[in-house]
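# Secondary and tertiary structure notes
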Amino acid sequence: GESVGLHLPTLSVQEGDNSIINCAYSNSASDYFIWYKQESGKGPQFIIDIRSNMDKRQGQRVTVLLNKTVKHLSLQIAATQPGDSAVYFCAENNGTSYGKLTFGQGTILTVHP
Amino acid sequence: DGGITQSPKYLFRKEGQNVTLSCEQNLNHDAMYWYRQDPGQGLRLIYYSQIVNDFQKGDIAEGYSVSREKKESFPLTVTSAQKNPTAFYLCASSKPGIAKNIQYFGAGTRLSVL
């Protein structure tokens, strides 16, 4: 079946740098995408979402970009902090009414002081 | 505080034993979900429920069972038929409508086999 995948399993950055986490999806019917942050031993925490009728959405220090042409989305974190260290998942909904999400493998982000 | 409570945080299962993981939410959400997470992997859907007294199998339902007798509760039973139950189990809930797809997660239950 179709699934969401990530280009990079790990990402290391210095504190204060900007981070970019990428995600590829293959289901052209997907119309909604979510980024989650998961710290060790905890449940995923919602960061930001974007619908397929948008190309960009901004939150506090985070921006999600969606390129439907190449089926790619990215999460940009500005001025990365040590507290941002976690696993980041993208998830897609393929348009079903009940909100089923398909999760990618995850990217480990490590921020060095 | 509103949220999703999973218990216990850690659970151990003996061979041949059924164990039940609890999930309670006070967010007044209609939909609830159970996921399994293995090390270094994403979340895989076990069961979901859109409304009380109704639930559907997800991608990896074999060896698991659920019930949804109350809106607030969605317990998951890991049966003896599940031969590889060691994993991190996550419960989530969401509300219908425009925000229906944002799923909010509990803190998880880590299940190990003795």
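A brief look at the structure comes next. Just so it is clear, the structure is predicted and the values come from calculations on it, not from any experiment.

About the criteria used
- Residues numbered from 1 in each chain as written.
- Chains lettered and ligands numbered in written order.
- Predicted model: local features only at pLDDT ≥ 70, side-chain atom pairs only at ≥ 80, totals over all residues.
- Heavy atoms only, no water.
- 1 Å grid on protein atoms, 1.4 Å probe; cavity = no way out; pocket = protein on both sides within 12 Å on 5 of 7 lines; lining within 4 Å.
- Points joined across faces, edges and corners; volume = space filled by probe spheres on them.
- Helix = DSSP H or I, 4+ residues; strand = E, 2+ residues; numbered from the N terminus.
- Nonpolar A, V, L, I, M, F, W, Y, C, P; charged D, E, K, R; others polar.

## A short note on the layout of surface pockets
- For the largest pocket, the calculated volume is near 380 Å³.
- Looking at the largest pocket, it is lined by 19 residues, and the ones nearest its centre are Q38 and V87 of chain A together with Q37, P39 and G40 of chain B.
- For the lining of the largest pocket, the elements supplying multiple residues, two or more each, are β9 (86–93) and β11 (107–112) of chain A.
- Among the elements that make up the lining of the largest pocket, the one with the highest residue count is β9 of chain A (three residues).
- Class assignment of the residues belonging to the lining of the largest pocket gives a composition of seven nonpolar, nine polar and three charged.
- Of the volumes computed, that of the second largest pocket is approximately 280 Å³.
- In this structure, the second largest pocket is lined by 17 residues; those nearest its centre are L101, T102 and F103 of chain A together with L43 and D59 of chain B.
- Listing elements by their share of the lining of the second largest pocket, those giving two or more residues are β9 and β10 (102–103) of chain A together with β5 (43–51) of chain B.
- Sorting elements by how many residues they give to the lining of the second largest pocket places β5 of chain B first, with three residues.

Everything listed is a geometric property; what it means functionally is a separate question.
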